[in-house]
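These are the residues of each chain, in order.
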Amino acid sequence: MTKQEMIHFLRQSIDSDRETENLIDYYRDATRGKQLPDAQIKNELTKIGEGIPVQYVTGISFFYTSQFTITQDVLIPRPETEELVHWVNSDLKSISRSLNILDIGCGSGCIGLSVKKKFPNHNIILNDLSSKAIKVAQLNADNLNLKIQTCQDSILEPIELKTIDVDIIISNPPYILPSELNRMDGHVFKHEPHLALFVDNDDPLEFYKAIVKYGLEKKVQAIYFETSDIFHNDLLKWIGETAYKCESRNDLQGKPRMIKVY
Ligand SMILES: C[S@@+](CC[C@H](N)C(=O)[O-])C[C@H]1O[C@@H](n2cnc3c(N)ncnc32)[C@H](O)[C@@H]1O
């Protein structure tokens, strides 16, 4: 199918010209080099037209400088998270010795693997509670030819995590309250893994508090967090009550979305 034919086909189920074109551009990039039969292309475009994210339909997500394989067991990597990776990588430039860097709640592995690709001398440990996410992260490490360690464990009740050496933590943990469901984009709720999105109880800082506590026990040098803009200040206030200092950054849209704890 030509690009124009794809646009015409998808436009029947999508209201806007611009969105249709963006989705087709993404689809063509993600399937580049594959000789897909027209029937398969139509089948996949139908799914996209029904609202399944193009990243899940193609199994491909572009993040930072790499292409990641994704399944519906992992969150679709977000552009804000690239900004967090950029912050970590800028700080690592001035450090020559090899560090143990732990990515908590790694999902597809997009954060830890993007750091490892830039700084192969550091030891990266990818953690997630989900064994399916760990499999996807390991597959991405293999595809990118990167050697990493994995650790399947819960940061809320760490067992194996207690046994490893850690110098730096990076995390984009779950932070959505079940009560926030009504203000969420329906596609996110319907297609992305709930384990990646929601906290169990009524404290959106649950994971952040557990990670800071773990970081204190491990005497880590720094923790880099992605946060929601909604409770960003609550988190800063809470960290202010611990032994750590912190620095906050906005994302490119001007929203407070990242914190470095040190
Ligand atoms: C917001 S997603 C982030 C995924 C990925 N790091 C990214 O930025 O795209 C949060 C991740 O935390 C994982 N997770 C949920 N509960 C966890 C727990 N108790 N311990 C460790 N990881 C957990 C989820 O499986 C999910 O992969």
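The model shown is predicted, which means the values in this text are computed figures rather than measured ones.

**Concerning the overall build of the protein chain**
When helices and strands are tallied, the protein chain shows 11 helices and 9 strands. Over its C-alpha atoms, taken along the principal directions, the protein chain stretches across nearly 60 × 40 × 30 Å. Evaluated residue by residue, the protein chain yields a buried proportion of 50% over its 262 residues. As displayed, the protein chain offers around 13,300 Å² of accessible surface, 48% of which is attributable to carbon and sulfur atoms.

**A short note on the pattern of salt bridges**
Using the criterion set out here, one finds 11 salt bridges in the structure. Note that aspartate 17 is salt-bridged to arginine 11, the shortest N-O span being 2.6 Å. Arginine 11 gets classed as partly exposed once you look at its relative accessible area, which sits at 30%. With a shortest N-O distance of 3.0 Å, aspartate 203 and lysine 209 are connected by a salt bridge. Ionic contacts of the salt-bridge type, sharing partners, join the residues Glu80, Glu226, Asp251 and Arg257 into one network.

**Section: unusual backbone geometry**
Backbone geometry at asparagine 145 places phi at a positive 60 degrees, although glycine is not the residue there. Notably, lysine 219 is not glycine yet its phi reads approximately 50 degrees, a positive angle. Its place among the elements puts lysine 219 in the loop between helix H10 (206–218) and strand S7 (222–226). Of the residues examined, lysine 219 reaches a relative accessible area of 71% and is grouped as exposed.

**Looking at the site of the ligand**
Among the 21 residues in the neighbourhood of the ligand, the closest are listed as Gly105, Asp128, Ser154, Asn172 and Ala196. Contact distances for the ligand include 2.6 Å between an oxygen atom and a side-chain N or O atom of aspartate 128. A distance of 3.0 Å separates a nitrogen atom of the ligand from a polar atom in the backbone of isoleucine 155. With the chains in place, 97% of the 590 Å² that the ligand exposes on its own is no longer accessible. For the shell around the ligand, the secondary-structure elements that each account for two or more residues are helix H6 (110–118), strand S4 (123–128) and helix H9 (194–197).

**Description of the domain arrangement of the protein chain**
Partitioning the protein chain into domains gives domain 1 (3–58) and domain 2 (79–261). Measuring from the centre of the C-alpha atoms in domain 1 to the corresponding centre in domain 2 gives 32 Å. Taken together, the 4 residues of domain 1 in the interface contact 4 residues of domain 2. Across the interface of domain 1 and domain 2, roughly 330 Å² is buried in total on both sides, 59% from carbon and sulfur atoms.

**Observations regarding the pairing of strand S6 (residues 168–171)**
The alternating pattern of S6 places Ile168 and Ile170 on one face and Ile169 and Ser171 on the opposite face, and all of these are buried. The pairing of strand S3 (residues 100–104) with S6 spans 4 bridges and is parallel. Bridging across to S6, isoleucine 101 finds its partner in isoleucine 168. Taken together, the 4 bridges between S6 and S7 define a ladder with parallel strand orientation. Residue pairing across strands places isoleucine 170 opposite tyrosine 224, the latter belonging to S7.

**A short note on the environment of valine 85**
Positionally, valine 85 belongs in helix H5 (residues 79–92). Remark: the alpha-carbon pair of valine 85 and glycine 112, spanning 27 residues in sequence, is separated by 8.3 Å. Every residue in contact with valine 85, bar those within four places of it in the chain, is listed here: Phe63, Tyr64, Ile111, Ser114 and Val115.

**Re the environment of glutamine 12**
With respect to the helices and strands, the residue glutamine 12 is situated in the loop between helix H1 (3–11) and helix H2 (17–30). Residue glutamine 12 is classed as exposed on the basis of its relative accessible area of 60%. Separated by 159 residues in the primary sequence, glutamine 12 and serine 171 have C-alpha atoms spaced 40 Å apart.

Cut-off values and rules
- Residues numbered from 1 in each chain as written.
- Predicted model: local features only at pLDDT ≥ 70, side-chain atom pairs only at ≥ 80, totals over all residues.
- Heavy atoms only, no water.
- Helix = DSSP H or I, 4+ residues; strand = E, 2+ residues; numbered from the N terminus.
- Buried < 20%, exposed > 50% of the residue type's maximum accessible area, 1.4 Å probe, protein only.
- Areas by Shrake-Rupley, 256 points an atom, 1.4 Å probe, with all protein chains shown as cover.
- Salt bridge = Lys/Arg side-chain N within 4 Å of Asp/Glu carboxyl O.
- Near = heavy atom within 4 Å.
- Polar contact = N/O pair within 3.5 Å; in protein donor to acceptor, adjacent residues only side chain to side chain.
- Domains from an automatic or database assignment.
- Contact = heavy atoms within 4.5 Å.
- Buried area = accessible area lost by both parts, 1.4 Å probe.
- Pairing = 2+ DSSP bridges.

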